[in-house]
Amino acid sequence: MDAGTGAKPPVERSIDLLREHRDEMAVWLALEVLQLDPVAQQDIELLRRLGLCQERLEERLRAQTSARETT
């Protein structure tokens, strides 16, 4: 419990974010799976680009969630 402070534990906040950004999280997970593929791991340029896509997605999600928290 949160002892009546009204603040959600980090796990609950994470689950809420997953629900709100379901599509983005599916793309992030697909990129993660592709990076773990043995064939993809042999292509350094592909791995670099997959990683860049994942980083851009993470940055966009961080910007969206931080903008919402400040309003």
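Residues numbered from 1 in each chain as written. Predicted model: local features only at pLDDT ≥ 70, side-chain atom pairs only at ≥ 80, totals over all residues. Heavy atoms only, no water.

Asks: Lay out the overall build of the chain with the relevant residues and their values.
Replies: Across its full length, the chain carries three helices and zero strands. Relative to the compact-globule value of 11 Å for 71 residues, the chain shows a C-alpha radius of gyration of 16 Å, a clear excess of over 25%. Its C-alpha atoms put the chain at 50 × 25 × 15 Å along the principal axes. Put simply, the chain has 71 residues, and 15% of those count as buried. Summing over all exposed atoms, the chain offers an accessible surface of approximately 5,800 Å²; the carbon and sulfur share of this is 60%. (Helix = DSSP H or I, 4+ residues; strand = E, 2+ residues; numbered from the N terminus. Rg over C-alpha atoms; globule rule 2.2 N^0.38 Å. Buried < 20%, exposed > 50% of the residue type's maximum accessible area, 1.4 Å probe, protein only. Areas by Shrake-Rupley, 256 points an atom, 1.4 Å probe, with all protein chains shown as cover.)

Asks: Tell me what's going on with the packing of helix H2 (residues 22-36) against helix H3 (residues 44-70), and back it up with residues and numbers.
Replies: Viewed as axis vectors pointing N to C, H2 and H3 meet at an angle of 155 degrees, and their least axial separation amounts to 10 Å. In terms of their interaxial angle, H2 and H3 are classed as roughly antiparallel. You can see that H2 and H3 cross each other, and the crossing is left-handed. Of the residues in H3, those in contact with Glu24, Met25, Val27, Trp28, Leu31, Glu32, Leu34 and Gln35 of H2 are Leu47, Leu50, Gly51, Cys53, Gln54, Leu57, Glu58, Arg60, Leu61 and Gln64. Grouping the constituent residues of the contact of H2 with H3 by class yields 10 nonpolar, four polar and four charged. (Axes fitted to C-alpha atoms, helices over the stretch in contact; angles between N-to-C directions. Parallel < 35°, antiparallel > 145°, perpendicular 65-115°, else oblique. Left-handed = near helix turned anticlockwise from the far one by under 90°. Contact = heavy atoms within 4.5 Å. Nonpolar A, V, L, I, M, F, W, Y, C, P; charged D, E, K, R; others polar.)

Asks: Lay out the layout of surface pockets in plain terms, naming residues and giving numbers.
Replies: Roughly 180 Å³ of volume is contained in the largest pocket. What lines the largest pocket is simply Leu17, Leu18, His21, Met25, Trp28, Glu58, Leu61, Arg62 and Thr65. When contributions to the lining of the largest pocket are tallied by element, the ones reaching two or more residues are helix H1 (10-20), H2 and H3. Examining the composition of the lining of the largest pocket, we find that four residues originate from one element, H3, more than from any other. The residue inventory of the lining of the largest pocket, partitioned by class, reads five nonpolar, two polar and two charged. (1 Å grid on protein atoms, 1.4 Å probe; cavity = no way out; pocket = protein on both sides within 12 Å on 5 of 7 lines; lining within 4 Å. Points joined across faces, edges and corners; volume = space filled by probe spheres on them.)

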